[in-house]
Every structure is written in C-alpha cells, then in structure tokens.
Amino acid sequence: MAPEPHPAEAPQAPQAPGGAPAGTSAGAPAAAPAAEPAAADPAELPTAATAVTPTAALPGLPRTLTTRARTLAAAVRKRCADLARIESPSGDAARLDSLAEELAAGYAATGATAVRQRCDHGDHLVLDWPGQQEDLPHLLVVGHHDTVWPVGTLADWPVEERDGRLTGPGVLDMKGGLALLEGAFALLADLGQRPHRPVRMVIVSDEEVGSPDGRRQVERHLRGAAAVLGLEPGHPDGRLKTARRGSTRVRLTVTGREAHAGLDAADGVSAIDELVDQLIVVRGLARQPGTELNTGRIHGGTRANVIAGRAEAELGLRFSTTEAQHRTLDTLAHLTPHRPGADVRTEVLSSRPAWPERTGNPLLRHVRSLAAALGQHLDGAPAGGAGDTNLAGARGLPTLDGLGAVGAGPHARTEHLRVDQLGPRIALLAALLAVPLPRLRER
C-alpha cells in the first residue's frame, strides 16, 4: 500500500546547521539566509504558472550551486574514473564488496551513515543523510554498483577522456551517477548546508541481472518515501526518464535423453533440437502487442557424438503493459514438448513490473522548475529499459529516473559520458536535495 502523502510544504531556504556536517571545507562560505516565505496553500498542487515557486525563497542559491558545481566537476570526473577502474561485474562478490566499501567511505565523508546489507553475490548498501526537518518522509534514491562488463575488460578498454567524453566500462551505467550524487552532497556540505528532508539511498549489487535479491532492499525502503529518484543515465539528450517498460528474465530448460549419436541415435531425445523448436514458438511471442524478446544465452549438450540430454536458454523479455507481461509469462509457463520423452520447464529469474507514463507528473514539473532556475532546459520522456525505479513507479509513487550522467552507449563499447554535463547535473541534484518538495500526490 502506498504511504499517505505529506501535506504541501512551504518553500523555505535551507538553514545552515549549528555545526558543519562531515565533509565541510574549512572556511567555506555559507549561503545567505532567505526571508521566511508565506505558507503555501496545502490544497493547491503546483502548476505551470507556479513552477518557479520553489526557488523564489532561495535568492542567490541557484547561482551559488551552479558556480560551485562547475568547480566540483573535475573532482567528480576523477571520482567517476576511479570508480570505473574498480571492476564490478554482477555476481563477483569480492569485487562488488570492495567497491561497496569505497562508496561507503566516500558518502560517509559527506555526512552519511552506511550499512552493508549482506548478499552472497555482493553486498548492497543503504545510506542515510539527516535532513533539516527530520520528521518529514524521506527522499529515496536508488542506484547500483554492478556492471555488465567482465573482469579484464579494462585491459583493452581503459578508462580515459577523449574529446570531452569520458569512456570506459561502467562510466555511464552507472559509476557516473554514483559519483554525481557524492558530488552533490559534497557541494551542500561545503556550503554548510544539508538536505531539507532525510535522504536514504539504496545501492544494490545485482541490478544488471534484474535485482533478484536487491529488489527486496528497494521495496523495503519504498514505504514512507515522499518521492523516488533514480541515478541511471538520462536519455542521450539529457532528458529524464518518466516511465519504463517492465522486464523479466526467464530460463527455459529442456531435458532429453542421452544416447550414442551413431549407434543408438533412435534411443535418444535431443534436448537441443527440442530447445530450437521451442525457441521458434517463443519468438512468436514478440509479435504480440507490447512484448519484445531477446534470446541472450544458449547452452546445451556435451559432445558432437552424444545426443544432448540437456539444453537451456536465457530469455530477456520487455513489456509495455502489465497485461502483456502476464499474458506472455502465462504462455511460457505452459509450453509443451514436441518430442515424446522431452521435458520443458520455465523459471522466472527476475522480474520488474511496467512503470506506466502518468499525466500531470508534479515531480517532473518541480525538477523542471529547479533546472530552469539553474539556467538549464530539462524535460522527461519514457524509456525503453527497465530498472529498480520500476518498483516505485509501478506502485504510483512519485518517481523520476535518469538523474545520473548524460551520455550514450550503455552496455556497449561506445559507452561514454559527457564531461561538460557533470556540473549541471551536480547543481540539479544539490538543488533537489536542498529545496522543499511540493505536495506530489492527491490526498
């Protein structure tokens, strides 16, 4: 059940705490305090006409954030490169845990408390930053520190900058997003500021394989969240992600009967032949509305002179609607063998529900108004990929993704982020943390 929304909050300037939080630079100037604004009408949702209201109570802050973010961009670029040089493929617990330790130390320097959540395939991280108003519902940020790239990729594809682009395995998806949020908190700490409300971040270790264990960590912290932000890369043009397709990984396993391929072929039942025929049937599912299929991996058999006794395929499915997801998975669950003696089974390895596009979207309006105050033009659009923000968006929670680095080529050797967009993203994230949220849901 979605939590009850909090009443609209009157915009107010972030107040410097009595003592500077961890990570505050010695002698860093504090932002000038602003006059207390008039209280907002709790019954009024933000509209296009009031889009700039959140920044009206923050004179000087947009310019301060933009200037400081530009200065911090070089350090964030280096941080991203350093994180990308710590290879962290999904399933490699030792390397993922090493990166989790490094991330925890970096965020702790900005005032966070970090807790490692044990997982055999690599620990997850849960981080908390105190807010000025601790009684408000928390802002939840989700991310991941695993990548699709196997160990050794750096040997022939090093992290390097060329023509204003930082390239390397995982720099965009999503070491860049992790470094950017660290930079945003460091910026606030440097100004003697802290977030308006408590901020919690969940970094999972298995997002690239569908978050089979990390999903429960994310869902646990959705309860009571005022809004959910994702640090996945934005669209190549910088737009945020306002909806995502659902995704499911399915293992299709066929069991046959082994036999000598020359002497006793008639006694065997080829699991590979059966799998091929099943995949032809499965490919037809992609012709149904709202469904896409990728056969990502096939394995089977032992030798050329042995009838294969076992074969399997891993399927990646994406769905535009929940109805398409249910229909397709039901079909896969009831596949029947073509050959006597063969057995066909399907197993759902991980699944994320579709996050549909919603009209209105006051959270996007709020972020657009902050971006405009910072001199940025920003919009949002649905995305084809899936991520952990699906879990929030599918429940109707105010959700935006794509607040990470701007670039292109995730999961490809062309993966890169744009260095010139680091500063604007740092400033935007810092503003999102510092500025009060409007009311984002109807009562």
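How each quantity is defined
- Residues numbered from 1 in each chain as written.
- Predicted model: local features only at pLDDT ≥ 70, side-chain atom pairs only at ≥ 80, totals over all residues.
- Heavy atoms only, no water.
- Helix = DSSP H or I, 4+ residues; strand = E, 2+ residues; numbered from the N terminus.
- Expected span 1.5 Å × (residues − 1).
- Buried < 20%, exposed > 50% of the residue type's maximum accessible area, 1.4 Å probe, protein only.
- Phe/Tyr/Trp six-rings, centres within 6.5 Å; stacked < 30°, edge-to-face > 60°.
- Pairing = 2+ DSSP bridges.
- Axes fitted to C-alpha atoms, helices over the stretch in contact; angles between N-to-C directions.
- Contact = heavy atoms within 4.5 Å.
- Polar contact = N/O pair within 3.5 Å; in protein donor to acceptor, adjacent residues only side chain to side chain.
- Core = buried A, V, L, I, M, F, W, Y, C linked by side-chain atoms within 4.5 Å.
- Patch = residues over 30% accessible without salt bridge, like charges linked within 9 Å, V, L, I, M, F, W, Y side chains within 5 Å.
- Areas by Shrake-Rupley, 256 points an atom, 1.4 Å probe, with all protein chains shown as cover.
- Salt bridge = Lys/Arg side-chain N within 4 Å of Asp/Glu carboxyl O.
- 1 Å grid on protein atoms, 1.4 Å probe; cavity = no way out; pocket = protein on both sides within 12 Å on 5 of 7 lines; lining within 4 Å.
- Points joined across faces, edges and corners; volume = space filled by probe spheres on them.
- Nonpolar A, V, L, I, M, F, W, Y, C, P; charged D, E, K, R; others polar.

(A) Summary view of helix α10 (residues 422-434). For α10, which comprises 13 residues, the first-to-last C-alpha distance of 18 Å matches the rise-based estimate of 18 Å (1.5 Å per residue) to within 8%. Across the 13 residues that make up α10, a large majority, 12, are buried. Turning to α10, its buried residues are Leu422, Gly423, Arg425, Ile426, Ala427, Leu428, Leu429, Ala430, Ala431, Leu432, Leu433 and Ala434.

(B) Main features of the packing of aromatic side chains. Inspection of the entire model under this criterion finds three aromatic pairs. Both rings, one in tyrosine 107 and one in tryptophan 129, keep their centres 5.6 Å apart while their planes meet at 85°; by these two values the pair is edge-to-face. Of this pair, tyrosine 107 sits in helix α3 (residues 93-108) while tryptophan 129 sits in strand β2 (residues 124-129), and the two are 22 residues apart along the sequence. Residue tyrosine 107 is classed as buried on the basis of its relative accessible area, which comes to 0%.

(C) Quick peek at the sheet that holds strand β12 (residues 343-352). On the basis of which strands lie adjacent, the open sheet formed by four strands has the order β10-β11-β9-β12 and antiparallel pairing. Of all strands in the sheet, those with a lone pairing partner are β10 (291-300) and β12, marking the two edges. Going from strand to strand, the sheet's axes swing by 20° on average, the running direction of each strand aside. Of the strand pairs in this sheet, β10 and strand β11 (residues 310-319) are connected by nine bridges, and their pairing is antiparallel. Bridge pairing in β11 places glycine 300 opposite alanine 311. In the packing of helix α6 (residues 271-283) onto the sheet, the strands contacted are β9 (246-255), β10, β11 and β12, and the crossing angle to β11 comes to about 15°.

(D) Here's a closer look at the side chain of serine 211. Residue placement: serine 211 occurs in the loop between β6 (199-204) and α5 (214-222). Engagement of the side chain of serine 211 in a polar contact is seen with the side chain of arginine 352, the distance being 3.0 Å. Filtering out sequence-adjacent residues up to four positions away, serine 211 remains in contact with Val204, Asp206, Arg352 and Asp388.

(E) Looking closely at the sheet that holds strand β16 (residues 416-418). The strand order across the open sheet formed by four strands is β4-β5-β16-β15, and the pairing between neighbours is antiparallel. What marks the edges here is a single partner per strand, and that holds for β4 (160-162) and β15 (407-408). Note that β15 and β16 share two bridges and pair antiparallel. Within β16, the residue paired with glycine 407 across the bridge is leucine 417. Helix α4 (residues 171-190) rests against β5 (165-167), β15 and β16 of the sheet, and its axis sits at about 45° to β16.

(F) Representation of the nonpolar core. The biggest cluster of nonpolar side chains holds 68 residues, and the ones touching the most others in it are Leu65, Tyr107, Met201 and Leu417. Counting residues per element, this core draws most heavily on α4, at 11 residues. Aside from chain neighbours lying at most four places away, what touches tyrosine 107 is Ala112, Leu127, Trp129, Leu178, Leu181, Glu182, Met201 and Ile203. Among the nonpolar cores identified, the runner-up in size contains 17 residues, and Ala271, Val282, Leu317 and Ala324 belong to it.

(G) View of a nonpolar patch on the surface. A cluster of nonpolar side chains, contributed by Ile272, Val276 and Ile280, occupies part of the molecular surface with about 240 Å² of accessible area. Within the secondary structure, valine 276 is located in helix α6.

(H) Inspection of the layout of surface pockets at higher detail. Space inside the largest pocket adds up to approximately 850 Å³. Surrounding the largest pocket, 39 residues form its lining, Val148, Glu208, Arg318, Ala386 and His411 being those nearest its centre. Mapped onto the lining of the largest pocket, the elements with two or more residues apiece are α4, β8 (240-244), β9, β10, β11, β12 and β15. For the lining of the largest pocket, the leading source of residues is β11, giving five residues. The residue makeup of the lining of the largest pocket, split by class, is 11 nonpolar, 17 polar and 11 charged.

(I) Main features of the pairing of β6. Counting buried positions along β6 gives five out of six residues, so the element sits mostly inside the fold. Direction of pairing for β2 relative to β6: antiparallel, over a ladder of five bridges. Within the sheet, the bridge partner assigned to aspartate 128 lies in β6 and is arginine 200. Note that strand β3 (residues 139-144) and β6 share six bridges and pair parallel. If you follow valine 141 over to β6, its bridge partner there is methionine 201.

(J) Spotlight on the pattern of salt bridges. A complete count under the given rule lists 30 salt bridges for this structure. Between arginine 251 and glutamate 312 there is a salt bridge, with its nearest N and O atoms 4.0 Å apart. Separated by 61 residues along the polypeptide, arginine 251 in strand β9 and glutamate 312 in strand β11 bring together distant segments of the chain. Its relative accessible area of 14% is what places glutamate 312 among the buried residues. Linked by salt bridges that have partners in common, Arg249, Arg251, Arg297, Glu312, Glu314 and Glu347 make up one network.

(K) Quick peek at the pairing of β8. Most of β8 is tucked away: five of the five residues are buried. Sheet topology places β8 next to strand β13 (residues 380-383); three bridges connect them, and they run parallel. Across the sheet, lysine 241 pairs through a bridge with alanine 381, a residue of β13.

(L) Inspection of the environment of glutamate 415 at higher detail. Turning to its location among the elements, glutamate 415 is positioned in the loop between β15 and β16. For glutamate 415 and aspartate 173, which are 242 residues apart along the polypeptide, the C-alpha to C-alpha distance reads 8.3 Å. At 3.1 Å, the side chain of glutamate 415 forms a polar contact with the side chain of tryptophan 149.

(M) Representation of the environment of histidine 411 in the model. Relative to the helices and strands, histidine 411 resides in the loop between β15 and β16. For the pair histidine 411 and threonine 147, spaced 264 residues apart in sequence, the C-alpha to C-alpha distance is 8.5 Å. A polar contact of 3.0 Å, which involves the side chain of histidine 411, links it to the side chain of aspartate 173.

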